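# Commentary on secondary and tertiary structure
Spelled out from the first residue to the last, the chains are:
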Amino acid sequence: MIGPVLIVEDQPAEAQALYELLSWSRRPAVVAPDLRTARQRLLELRPTVIVLDLNLPDGDGLAWLRELRARSFGWSLTILVVSGRADPDHIAEALLAGADDYVTKPYAPRELPARIAVAERLAALRAGFRWLAAFRPPLPSQGRYPSAGILVLRPSDPRGSEHLLSEWACWTRSLRQENGLPFPIPDGSLLGLFPSVARALGALRRTNHGDPPWRAVLHIGSVSVGWLEGPGLAAGAMFGEAVEEAIRLAYLLPAGIWLITDPAYAALPAPPPARPWPLAAELAGLPAWEIRMEEL
């Protein structure tokens, strides 16, 4: 669930203008005119985004920013500094203290909601990196894997990571039984890398197809494998054009449909029964076949 935006701003006119701007963007928001109120709102409302002015009547906003980032929950927050100061040293100090972005006043009406959206995407990636660290798949080495089998599994009803944990565990077992490397994605999807498309298809065959139905895309291509590193974090990552194509196609699928792209289908020694899915080429520019699940 997306929490409210906490606006920490002591100037009533500016706070009201930002509140109305976010309301127009259909984002719930609450205003705190000082740090004391901001601390209370943080505990009561659990905001996911904080828009923070640094010059506050009862304290230093920059010091509170450092304090938040030092707490265990602090990195789950998206924090944007909004200030009238535009000197580079001050901006650099705020960013190094942990701000996700720095917006100078005055700003265009559409600028701040757009910057919040970008910062939230980065926060989602940070959360995804934590899941990657939790799974710690054993990577054979760093480098490129030509003609790797790529499997994207996307839940048709994403209801939060807690609900998906048991389903992730079920899929992960199937992936690993076929020598696959599982990579959770922040939106609840799973990505798997296999030595071949046949291995990825084997992982689909192994799994019980219960409710809720998952969307699946089988693809093939060259994939880069590397490491994501940060404080206390070391986990595998895979990326590349083929991965991006498979993920894009998975987002377009209706619930329960399993697809195999044209080059992946041609790479199978014994392709399963399938029928063309014309929308794949039309919407994603990637011709694909719908796999008949009852035949698997």
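Above this text sits the structure in question.
Residues numbered from 1 in each chain as written. Predicted model: local features only at pLDDT ≥ 70, side-chain atom pairs only at ≥ 80, totals over all residues. Heavy atoms only, no water.

## Some words on unusual backbone geometry
We count it as follows: Labels follow the DSSP assignment, with helices taken as runs of H or I lasting at least four residues and strands as runs of E lasting at least two, numbered in each case from the N terminus.
With omega at -5°, the peptide bond leading from K105 into P106 counts as cis. Along the polypeptide, P106 turns up in the loop between β7 (101-104) and α5 (111-135). A positive phi is found at R46, a non-glycine position, where the angle reads about 50°. Mapped onto the elements, R46 comes out in the loop between α2 (35-45) and β3 (49-52).

## Some remarks on helix α3 (residues 61-70)
Put simply, the rule reads: The cut-offs for exposure are 20% and 50% of the maximum accessible area for each residue type, with area from a 1.4 Å probe on protein chains only; residues under the lower value are buried, those over the upper are exposed, and the others partly exposed. Along the arc lie the directions from the helix axis toward the C-beta atoms. Definition of a polar contact: a pair of N or O atoms within 3.5 Å, with one able to donate and the other able to accept a hydrogen when the atoms are protein atoms, and with sequence-neighbouring residues admitted only if both atoms are side-chain atoms.
Residues G61, L62, W64, L65, L68 and R69 constitute the buried set of α3. Here the buried residues of α3 occupy an arc of 160° about the axis, which is enough to place them on one side. Structurally, the start of α3 carries an N-cap: the backbone nitrogen of L62 is 3.0 Å from a side-chain oxygen of D60.

## Quick notes on the packing of aromatic side chains
Put simply, the test is: Between rings of Phe, Tyr and Trp, where Trp is taken as its six-membered ring, a pair exists when centres lie within 6.5 Å; planes separated by under 30 degrees are stacked, by over 60 edge-to-face, and by other angles tilted. Note on geometry: a ring has a charge over it if NZ (lysine) or CZ (arginine) is within 6 Å of the ring centre and within 35 degrees of the ring normal.
Across all of its chains, the model carries 1 aromatic pair by this definition. Positioned over the ring face of Y251 is R154, at 3.9 Å from the centre of the ring.

## Observations concerning the nonpolar core
Counted only if it meets this: Nonpolar cores are built from buried Ala, Val, Leu, Ile, Met, Phe, Trp, Tyr and Cys residues. Side-chain atoms within 4.5 Å join them into one set. Residue contacts are counted whenever heavy atoms from the two residues lie within 4.5 Å of one another.
Core analysis: the largest hydrophobic core is formed by 24 residues, its most contacted members being I150, V152, L191, L193, V217, L249 and L259. Those elements that provide at least two residues to this core are β8 (143-155), β9 (181-184), β10 (190-194), β11 (214-230), α8 (241-252) and α10 (278-284). Ranked by residues supplied to this core, first place goes to α8 with 5 residues. Setting aside its immediate chain neighbours within four residues, L259 contacts A216, V217, L218, L249, L253, W277, A288, W289, E290 and I291. W168, A203, W214 and L218 belong to the second-largest nonpolar core, a separate cluster that totals 23 residues.

## Notes on the pattern of salt bridges
The cut-off we apply is this: A carboxyl oxygen of Asp or Glu within 4 Å of a side-chain nitrogen of Lys or Arg is what we treat as a salt bridge.
All chains considered together, the criterion is met by 13 salt bridges. In this structure, the salt-bridge partner of K105 is E14, at a minimum N-O distance of 2.6 Å. With K105 in the loop between β7 and α5 and E14 in helix α1 (residues 12-24), the pair connects residues that are 91 residues apart, well separated along the chain. Residue classification places E14 among the partly exposed residues on the basis of a relative accessible area of 37%. R41 is the partner of E44 in a salt bridge, and the nearest nitrogen-oxygen pair spans 3.4 Å. In this pair, E44 and R41 are both assigned in helix α2, 3 residues apart and thus about one turn of the helix distant. Judged by relative accessible area, which is 55%, E44 ranks as exposed. Each of E9, E14, D53 and K105 takes part in salt bridges that share partners, so that together they form one network.

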